[in-house]
Protein chains: 2
Amino acid sequence: MTDLNAMGQAGRQASYQLAGLSSNVKNAALLSLADLLEQQSAAILAANAQDIEQGKSNGLTDALIDRLLLTEERLGAIAADVRMVAHLADPVGEEFDAKVLENGLRLRKRRVPVGVLGVIYEARPNVTIDVAALSLKTGNACILRGGKETTHSNKALTAVIQQALELHGIDGNAVQSINDPDRALVTQLLKLDRYVDMIIPRGGKGLHQLCIEQATIPVITGGIGICHVFVDQSAQQDGAIAIIENAKVQRPSVCNALDTLLVHQAIAAEFLPKVATQLHQSGVELRLDPASQQILASHDIKKQAAGPDDYDQEWLSLTLSVRVVDDLNMAIDHIREHSTQHSDAILTETLASANTFVGAVNSAAVYVNASTRFTDGSQFGLGAEVAVSTQKLHARGPMGLTELTTYKWIGEGDQLIRS
Amino acid sequence: MTDLNAMGQAGRQASYQLAGLSSNVKNAALLSLADLLEQQSAAILAANAQDIEQGKSNGLTDALIDRLLLTEERLGAIAADVRMVAHLADPVGEEFDAKVLENGLRLRKRRVPVGVLGVIYEARPNVTIDVAALSLKTGNACILRGGKETTHSNKALTAVIQQALELHGIDGNAVQSINDPDRALVTQLLKLDRYVDMIIPRGGKGLHQLCIEQATIPVITGGIGICHVFVDQSAQQDGAIAIIENAKVQRPSVCNALDTLLVHQAIAAEFLPKVATQLHQSGVELRLDPASQQILASHDIKKQAAGPDDYDQEWLSLTLSVRVVDDLNMAIDHIREHSTQHSDAILTETLASANTFVGAVNSAAVYVNASTRFTDGSQFGLGAEVAVSTQKLHARGPMGLTELTTYKWIGEGDQLIRS
């Protein structure tokens, strides 16, 4: 039986050592991890084959099997990512906001690890390594809970990680994984506030909802993007079509892909047929409001009337909701009502419209004349991406290494008392 | 019947306007609020008198009655605080981390209000004004829930606040208070995640625990301080006595006051009698571990043996737990086990001890040769204090205006698509 309390305690204990490690030691362990992943690929792939076999006999879809699958080549790519993390700058230990106060206290903030992270994700063995590498780099211990379909792979990967840690004198409990399929353990992990400092769910809406409702630990919610593009009256139309196609078609299955297109009524009759034709050629199906239905009535494209819930859909596929709006304010109201505050864009050549939109739309990322697809740690130059936060505290949007840290205040005096 | 959902919705709606207000308008409303508090003091004091009368007939302690009581003078002080907030710098709108990415995206972060704050506190009418002023200053809407003993006062104060808002064309729903004593409303507020972005409890352990367990909204926990001072072998002993007395005696009822004194065994026999004598003169009662009991056996001071839970007490009174420790590591272990990660200090002249302590003790504020009493927004030069956070995400330690904000990413391109 899995003793989560003991795991939490062990993770907390390991976090003390981790917080004090130099970047050199952490990076050396990361490079060893990359090497071991390649050297021990046979054992890892054998464990993964067991998961694949079970998955097939349990009737997993081809898409899920593909997510689950490790190959020599994929392992190589994972190892390369770990080496990349080793070469990123280490945010831990940075000191900032230093000042000497009038009362004589010499005060500064120091960036420190958060402590122990609880990460809950789906049947993706690559996430196991990814999260372990980012946690180690930032001096955090982590307790991982991957999808039950990937138990054998995660066991094998965790063994390799712990071997890499121990090679460099690091407590192996710095990275632990829960390999017991009992679902009650997830709820238990969410309430382990005595030992776990932060919960990061990486999965769908159901998982996020579970975490929000059950956790007694701060949760970084995110990754769900109902994303909008509003085409203003003055938009440069060729550029708009290119951006909309990019946002919708380039990778429809991800959270920063476009879900709803809002078009200013003044240009709808001219613009909608052009963009619809282009999207039709890319295989996009449209869900239309009455106004756009009328405009596109004679067009032979994949379309249907938008249902009542269609503006609250994260499509994750080649489907796009469309609505004609009276003006900028109606676009803003629509976005406030339906956006998950992930990524929303305005396409306009009017400065006042751009400024109003950027001020009024309170999403993690707000764009002017650019694709929503940019919301991504590597696109934003963060080097790594832990998650994309759509909640407002601690971090918003793509979270890099720095967002896995917090700070403490350090005050020094010369026998200083408060007067 | 209080319709919390409608209040949430109204607060959210008000937050849209608030987020776009200039500092000038917000400051003007704050100055009007200060004036109105003084001009309408008769009505406010009459409402307060009703609470006082009810409180007395309900048998509230003198201390609680005193907390509840407003006077002309106290109202004047509250108004002065509001004027002070008006004169602080407004963090909203600040832009930072601006860069042009290799992909051509012009990216920056903009500081924005959090949105809608839910603040739950005790029977302290001054907090109503305090929180309203800080929320308004940072462009946040707030829903306040004060102690039920202060309903009449809060109703009167909220009316004055809304009057000040409306004088400047600001939606009165920017500051709402729940004046219905039904306790179920607290739990309901904690789950109003559709409209409320952040919960700030200002109260005791029970309230914090309730929020942690029930909230589906991020909670800023804090304000509970089990604070330690470790006197190292090399400490300057006269300075140490002054710091310990300051930390324990200056204001024992607050969260940054000292709770546990740890003394290095090498100096315990010499140091403990000196500090105990001084503390005795200030009326402090000691809870002693066996080693310190032995050292202080012949001293005629207020003392008793420390019970098993005494090291987990936030005393909030003139009581102090004492323990002799073998060395620095044992002090660190004790603090890791018992501290609430609020404020902990080392007194030492040894650089290596100071560095080890500061690195190993992960509290919101860690001190070297200074009193724990400094952990305070105004002492830290933040201008205002919303709360003292002892959790690790978003903000740690004293929270000022900036900590009531978050940021959004703004990305601008010239018809830019992701390649």
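Model, not experiment: these values are computed from the prediction.

**Student:** Could you clarify how one ought to interpret the pattern of salt bridges in this entry?
**Tutor:** Pairs may arise between side chains of opposite charge once their charged atoms sit close together. For the coordinates displayed, the defined rule picks out 40 salt bridges over all chains. The closest approach of N and O atoms between Arg418 of chain A and Asp376 of chain B, which form a salt bridge, is 3.8 Å. Of this pair, Arg418 of chain A sits in the segment after strand E16 (405-416) while Asp376 of chain B is found in the loop between strand E13 (365-370) and strand E14 (387-389), placing the two residues in two different chains. By relative accessible area, Arg418 of chain A is classed as buried at 13%. One continuous salt-bridge network, built from bridges that share partners, spans Glu95, Arg108, Arg110 and Glu412 of chain A.

**Student:** What's the story with the relation of the copies chain A and chain B in this structure? I'm lost.
**Tutor:** There are two copies of the chain, and a rotation about an axis plus a shift along that axis relates them. The transformation that overlays chain A on chain B combines an axial shift of 0.0 Å with a rotation of 180 degrees, and the residual RMSD is 0.0 Å. With respect to symmetry, the two chain copies, as superposed, fit the operation of a two-fold axis. Rotation axis and chain A: the residue whose C-alpha lies nearest the axis is His394 of chain A, separated from it by 1.8 Å. Same-surface contact between copies: 100% of interface residues of chain A are shared with the interface of chain B.

**Student:** Explain the nonpolar core here, please?
**Tutor:** What tends to happen in soluble globular proteins is that the nonpolar side chains get buried as a cluster. With 110 residues, the main nonpolar core has Leu37, Val231, Ile244, Leu261, Leu286 and Phe380 of chain B as its most contacted residues. Listed in part, the 109 residues of the second largest apolar core include Val116, Leu117, Leu136 and Cys211 of chain A.

**Student:** Looking at this model, I keep getting lost on the packing of aromatic side chains. Mind explaining?
**Tutor:** Evaluation of the coordinates by the stated rule reveals 6 aromatic pairs over all chains. Considering the side-chain rings of Trp409 of chain A and Phe380 of chain B, the 4.7 Å spacing of their centres and the 50 degrees angle between planes classify their relative orientation as tilted. Placement of the pair is Trp409 of chain A in strand E16 and Phe380 of chain B in the loop between E13 and E14, with the two residues belonging to separate chains. The class for Phe380 of chain B is buried, based on a relative accessible area of 0%. The structure contains a cluster of three or more aromatic residues connected by ring pairs, namely Phe96, Tyr407 and Trp409 of chain A together with Phe380 of chain B. Just above the ring of Tyr407 of chain B sits the side chain of Lys109 of chain B; from NZ or CZ to the centre is 4.7 Å. Lying over the aromatic face of Tyr16 of chain A, Arg336 of chain B brings its terminal NZ or CZ to 3.6 Å of the ring centre.

**Student:** Which parts of the structure should I look at to understand the interface of chain A and chain B?
**Tutor:** Accessible area lost during the coming together of the parts is what is often quoted as the interface size. Counting residues at the interface gives 78 residues for chain A, matched by 78 residues for chain B. Interface of chain A and chain B: buried area, both sides summed, is about 6100 Å²; carbon and sulfur atoms make up 50% of it. In terms of surface lost to chain B, no three residues of chain A exceed Trp409, Gln415 and Arg418 of chain A, which account for 15% of the buried area on that side. Our count for the contact surface shared by chain A and chain B stands at 6 salt bridges. As a salt-bridge pair, Lys392 of chain B and Asp197 of chain A come within 3.2 Å of each other at their nearest N and O atoms. Summed over the shared surface of chain A and chain B, the result is 49 residue pairs in polar contact (both at pLDDT 80 or more). Broken down by element, the residue count for the side of chain A that touches chain B peaks at 11 residues, all from E16 of chain A. Looking at the side of chain A that touches chain B residue by residue, the classes come out as 35 nonpolar, 23 polar and 20 charged. Pairing of E16 of chain A with E13 of chain B, which is carried by 5 bridges, proceeds in the parallel orientation. By the bridge assignment, Ile410 of chain A is partnered in E13 of chain B with Val366 of chain B.

**Student:** What's the story with the sheet that holds strand E11 (residues 319-325) of chain B in this structure? I'm lost.
**Tutor:** Judged by pairing direction, the sheet is mixed, and its 10 strands sit side by side in the order E1(A)-E2(A)-E16(A)-E13(B)-E12(B)-E7(B)-E8(B)-E11(B)-E9(B)-E10(B) without closing on themselves. The sheet terminates laterally at strand E1 (95-100) of chain A together with strand E10 (303-305) of chain B, the two strands that pair on one side only. The sheet shows a mean angle of 20 degrees between the axes of neighbouring strands, taken without regard to direction. Judged from the 5 bridges that link them, strand E7 (residues 227-231) of chain B and strand E8 (residues 258-264) of chain B form a sheet pairing that is parallel. Within E8 of chain B, the residue paired with His228 of chain B across the bridge is Thr260 of chain B.

**Student:** Would you take a moment to explain the confidence of the model for chain A for this structure?
**Tutor:** When pLDDT drops low, the exact placement of atoms in the prediction is not to be read closely. Averaged over every residue, the pLDDT of chain A is 96; residues scoring 70 or more account for 100%. Here the predicted complex scores 0.94 on pTM and 0.94 on ipTM.

**Student:** I'm lost on unusual backbone geometry in this one. Help?
**Tutor:** Only a minority of non-glycine residues have a phi that is not negative, and only a minority of peptide bonds are not trans. Of note in the backbone geometry, Asp97 of chain A takes a positive phi value of approximately 55 degrees without being a glycine. With respect to the helices and strands, the residue Asp97 of chain A is situated in strand E1. The exposure class assigned to Asp97 of chain A is partly exposed, which follows from its relative accessible area of 46%. For His394 of chain B, which is not glycine, the phi torsion reads 70 degrees and is therefore positive. Structurally, His394 of chain B can be placed in the loop between E14 and strand E15 (397-399). His394 of chain B sits in the buried class, given a relative accessible area of 18%.

**Student:** I tried to follow the side chain of Ser389 of chain B on my own but got confused; where do I start?
**Tutor:** Residues and elements named next belong to chain B. Turning to its location among the elements, Ser389 is positioned in strand E14. A polar side-chain atom of Ser389 sits 2.6 Å from the main-chain carbonyl oxygen of Ala395. Once you skip the residues sitting within four places of it in the chain, Ser389 turns out to touch Ile220, Thr221, Gly222, Ala364, Ala395, Arg396, Gly397 and Met399.

**Student:** Hey, could you run me through the environment of Ser57 of chain A in this one?
**Tutor:** All names here are of chain A. Structurally, Ser57 can be placed in helix H3 (residues 41-57). Sequence separation between Ser57 and Pro290 is 233 residues; the distance between their C-alpha atoms is 46 Å. Only 3.0 Å separates the side chain of Ser57 from the backbone oxygen of Gln54, close enough to count as a polar contact.

**Student:** Would you mind going over the sheet that holds strand E3 (residues 116-121) of chain A with me for this structure?
**Tutor:** Strand pairing in a sheet relies on backbone hydrogen bonds. The paired strands run either parallel or antiparallel. All names here are of chain A. Ordered by their spatial adjacency, 4 strands build an open sheet running E5-E4-E3-E6, and the pairing between neighbours is parallel. The sheet is open, and its two edges are formed by strand E5 (175-177) and strand E6 (198-202), each paired on a single side. Each strand of the sheet is rotated relative to its neighbour by a mean of 20 degrees, with strand direction disregarded. As paired strands, E3 and strand E4 (residues 141-145) are joined by 5 bridges and run parallel to one another. The residue of E4 that forms the bridge with Gly118 is Ile143. The strands touched by helix H7 (residues 151-167) are E3 and E5; relative to E5, the strand with the most contacts, the crossing angle is about 165 degrees. Together, E3 and E6 form the strand contacts of helix H9 (residues 205-214), whose direction differs from that of E6 by roughly 160 degrees.

**Student:** I keep staring at the environment of Gly411 of chain B and nothing clicks. Help me out?
**Tutor:** Inspection of the secondary structure puts Gly411 of chain B in strand E16 (residues 405-416). Residue class for Gly411 of chain B comes out buried when judged on its relative accessible area of 1%. For Gly411 of chain B and Val100 of chain B, which are 311 residues apart along the polypeptide, the C-alpha to C-alpha distance reads 9.4 Å. Aside from chain neighbours lying at most four places away, what touches Gly411 of chain B is Val366, Tyr367 and Val368 of chain A together with Leu105, Arg106 and Leu107 of chain B.

**Student:** Where do I start with helix H5 (residues 72-87) of chain A in this structure?
**Tutor:** Side chains that are three or four residues apart share a direction in an α-helix, a result of its 3.6 residues per turn. All names here are of chain A. End to end, H5 covers 23 Å across 16 residues, agreeing with the expected 22 Å (1.5 Å per residue, within 8%). Residues of H5 that are buried: Leu75, Ile78, Ala79, Val82, Val85 and Ala86. End-on view of H5: buried residues confined to an arc of 110 degrees, all on one side of the axis. When the buried face of H5 is taken as reference, the exposed residues oriented beyond 90 degrees from it are Glu73 and His87.

**Student:** Would you explain the side chain of Ser321 of chain B in this entry?
**Tutor:** Residues and elements named next belong to chain B. When you line up the elements, Ser321 lands in strand E11. For Ser321, the side chain forms a polar contact with the side chain of Trp315, separated by 3.0 Å. Here Ser321 is in contact with Asp259, Thr260, Leu261, Arg287, Asp310, Tyr311 and Trp315, once residues within four sequence places are set aside.

Here is what the cut-offs are and how they apply
- What you see as residue numbers is a count from 1 along each chain, following the sequence as written.
- Here every chain gets a letter starting at A, and every ligand a number starting at 1, in the order they are written.
- Given that this is a predicted model, residues contribute local features only at a pLDDT of at least 70 and side-chain atom pairs are listed and counted only at 80 or more, while totals for whole chains, interfaces and linings are drawn from all residues.
- With hydrogens and water stripped out, all remaining heavy atoms of the structure feed into the side-chain values.
- We count a salt bridge whenever a side-chain nitrogen from Lys or Arg sits within 4 Å of a carboxyl oxygen from Asp or Glu.
- Going along the chain from the N terminus, every DSSP run of H or I of four or more residues is numbered as a helix, and every run of E of two or more is numbered as a strand.
- Only protein chains enter the calculation, and the probe is 1.4 Å; a residue is then buried if its accessible area is under 20% of its type maximum, exposed if over 50%, and partly exposed in between.
- For the least-squares superposition of copies, only C-alpha atoms count, and only for residues with pLDDT at least 70 in both.
- A contact between two residues is defined here by any heavy atoms of the two lying within 4.5 Å.
- What we call a nonpolar core is a set of buried Ala, Val, Leu, Ile, Met, Phe, Trp, Tyr and Cys residues that are connected through their side-chain atoms within 4.5 Å.
- To pair, rings of Phe, Tyr and Trp, with the six-membered ring standing in for Trp, must have centres within 6.5 Å; the planes then decide the type, stacked if under 30 degrees apart, edge-to-face if over 60, and tilted in the middle.
- Counting as a charge over the ring demands two things of the Lys NZ or Arg CZ atom: a distance within 6 Å of the ring centre and an angle within 35 degrees of the ring normal.
- Using a 1.4 Å probe, buried area is obtained as the accessible area two parts lose upon being combined, added over both of them.
- By the criterion applied in these results, polar contacts are pairs of N or O atoms within 3.5 Å in which, for protein atoms, one can donate a hydrogen and the other can accept it, and in which residues neighboring in sequence qualify only through two side-chain atoms.
- Classes in brief: Ala, Val, Leu, Ile, Met, Phe, Trp, Tyr, Cys and Pro nonpolar; Asp, Glu, Lys and Arg charged; the others, Gly included, polar.
- Two strands qualify as a pair provided DSSP detects at least 2 bridges between them.
- Note on geometry: axes are C-alpha line fits, over the in-contact stretch for helices, and angles between N-to-C directions span 0 to 180 degrees.
- One number per residue, pLDDT, summarises how confident the predictor is, and it ranges from 0 to 100.
- Here the expected span of a helix is defined as 1.5 Å times the quantity of residues minus one.
- In this description, one arc is meant: the one made by directions from the helix axis to the C-beta atoms.

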